[in-house]
Amino acid sequence: MTTATGASRAGRGRAWGSVPEELSARVPAEQRGPGLDRDSVRLLVSRGTEVSHHAFVELPGRLRAGDLLIVNTSATLAAAVDGRIGHARVVVHFSTRGDDGRWAVELRDPDSRGTTRARAGGPGGTVVCLPGDARLVLEEPLTPRGQRLWWGRVPDADVLGLLRRYGRPIRYSYTDRDQPLSVYQTVFALPSDDGAGSAEMPSAARPFTSRLVAELVSRGVQFAPVTLHTGVASAESHEPPYPERYEVPAVSARLINAARAGGGRIIAVGTTAVRAVESATGEDGLVRAAKGWTGLVVTPERGVRAVDGLLTGLHEPEASHLLMLEAIAGGAAVERAYEEALRGRYLWHEFGDVHLILPERPHSERYSRNSTSE
């Protein structure tokens, strides 16, 4: 695991620079024109520094029988709720529920476009009035390093029930309008026994449709479900990810290990899937059933043990997720892919285009290299 200083290295000095505002995906693909579906996005494919351009519906042709996709089944919550501090309006983003019943929350200021602006949290003891006569009481910052995310309690109220009744999906200013919660659910999303879910959609899986999944299965591609409940994004502050709850079931661990033994490639759908499965992988490269909290930050220094490739969205130049991409593909490959994405006018963010990173070398060679560097 890296420190905040190590994670903040992501993006410094990147040759491809910033992302133009016009490359933000403002609405879902299926709303951009008649006859379109979720899978009507583009697919950038990179293997080492070789890059090619495709439609996402061509994904089955980029994979082969025996490959395995790790998918995150976490459902997205309606995690944004209006509130007030005194007479001032705020929006509360409910991020992560702790084992002690507290929630990690982010307070934001509403703006004139129906979205929000970042604001500092706190101080401790601040009371936020919520709908249904509920009250959020801020207690302490989530980490000593920052004031953006705070631990808070909602006494005598069911927060998940509050979100179902009064919440809406978290939305940022690069999108055009509010969308129903169904737009933020992936085809793999499953309700959890305790009602928990993700504050923001595990968006790499959004372009999948049931039709495309059926085609992949018919071609011999396997799926291994895992769960990681994601918190609010840190793109604005470029923070390393903080601990999140995850589970890798025993059946998925067996599927991944068997696929590897059979020569298949292990490809994670999204950085959340990488974080979950790598948290359950030993130094011997074997995946084992595991659940709990993970604070793992995947970096080039740490490397990856289970994952060969990654299907992911396009990330901002200072996002800490890019360290994970470099751990899988190498820095030169990531730079080359993002230069091509900018040149090709690919779209960023949760409704945007996607990037498939395939391994340049066999896993045994890659794993041997990473093991010796630890």
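Our structure's up above, just so we're on the same page.
Conventions and cut-offs
Residues numbered from 1 in each chain as written. Predicted model: local features only at pLDDT ≥ 70, side-chain atom pairs only at ≥ 80, totals over all residues. Heavy atoms only, no water. Pairing = 2+ DSSP bridges. Helix = DSSP H or I, 4+ residues; strand = E, 2+ residues; numbered from the N terminus. Axes fitted to C-alpha atoms, helices over the stretch in contact; angles between N-to-C directions. Contact = heavy atoms within 4.5 Å. Buried < 20%, exposed > 50% of the residue type's maximum accessible area, 1.4 Å probe, protein only. Polar contact = N/O pair within 3.5 Å; in protein donor to acceptor, adjacent residues only side chain to side chain. 1 Å grid on protein atoms, 1.4 Å probe; cavity = no way out; pocket = protein on both sides within 12 Å on 5 of 7 lines; lining within 4 Å. Points joined across faces, edges and corners; volume = space filled by probe spheres on them. Nonpolar A, V, L, I, M, F, W, Y, C, P; charged D, E, K, R; others polar.

*Asks:* Pulling in residues and values, what's your account of the sheet that holds strand E16 (residues 354-358)?
*Replies:* Spatial ordering of the open sheet is given by E2-E1-E16-E15-E13-E3-E11-E12-E14, a layout of 9 strands whose pairing is mixed. The strands lining the two open edges of the sheet, one partner per strand, are strand E2 (50-55) and strand E14 (290-294). Pairwise comparison of adjacent strand axes, ignoring direction, gives a mean angle of 20° for this sheet. The pairing of strand E1 (residues 42-47) with E16 spans 5 bridges and is parallel. Bridge assignment links valine 45 to a residue of E16, and that residue is leucine 356. Packing of helix H5 (residues 250-261) onto the sheet brings it into contact with strand E3 (68-72), strand E11 (222-228), strand E12 (244-248) and strand E13 (266-269), and relative to E11 it is tilted by some 135°.

*Asks:* Could you give an account of the side chain of serine 95, naming the residues involved and the relevant values?
*Replies:* You can see serine 95 is positioned in strand E5 (residues 88-97). Note on serine 95: relative accessible area 3%, which makes it buried. In terms of polar contacts, serine 95 uses its side chain to reach the side chain of tyrosine 242, at 2.4 Å. Residues within four places of serine 95 in sequence aside, it is in contact with Trp103, Ala104, Val105, Ala199, Thr230, Gly231, Val232 and Tyr242.

*Asks:* If you had to explain the pairing of E13 to someone new, which residues and values would you point to?
*Replies:* Where burial is concerned, the two faces of E13 agree: the one with Ile266 and Ala268 and the one with Ile267 and Val269 are both buried. Sheet topology note: the E13/strand E15 (residues 309-313) ladder contains 3 bridges and is parallel. Within E15, the residue paired with valine 269 across the bridge is leucine 311.

*Asks:* An account of the layout of surface pockets is requested, with residue identities and associated values reported.
*Replies:* The space that makes up the second largest pocket amounts to roughly 410 Å³. Forming the walls of the second largest pocket are 20 residues, and the residues nearest its centre are Ser192, Asp193, Thr227, His229 and Glu247. Elements with a contribution of two residues or more to the lining of the second largest pocket: E11, E12 and E14. The residue inventory of the lining of the second largest pocket, partitioned by class, reads 8 nonpolar, 6 polar and 6 charged.

*Asks:* Give me the lowdown on the environment of valine 90, citing residues and values where you can.
*Replies:* The topology assignment puts valine 90 in strand E5. On the basis of relative accessibility, which here comes to 2%, the residue valine 90 falls in the buried class. Considering only alpha carbons, one finds valine 90 and aspartate 193, 103 residues apart in sequence, at a separation of 31 Å. Residues contacting valine 90, with those up to four places away along its chain left out, are Val81, Asp82, Gly83, Arg84, Ile85, Arg108, Asp109, Pro110, Arg119 and Val128.

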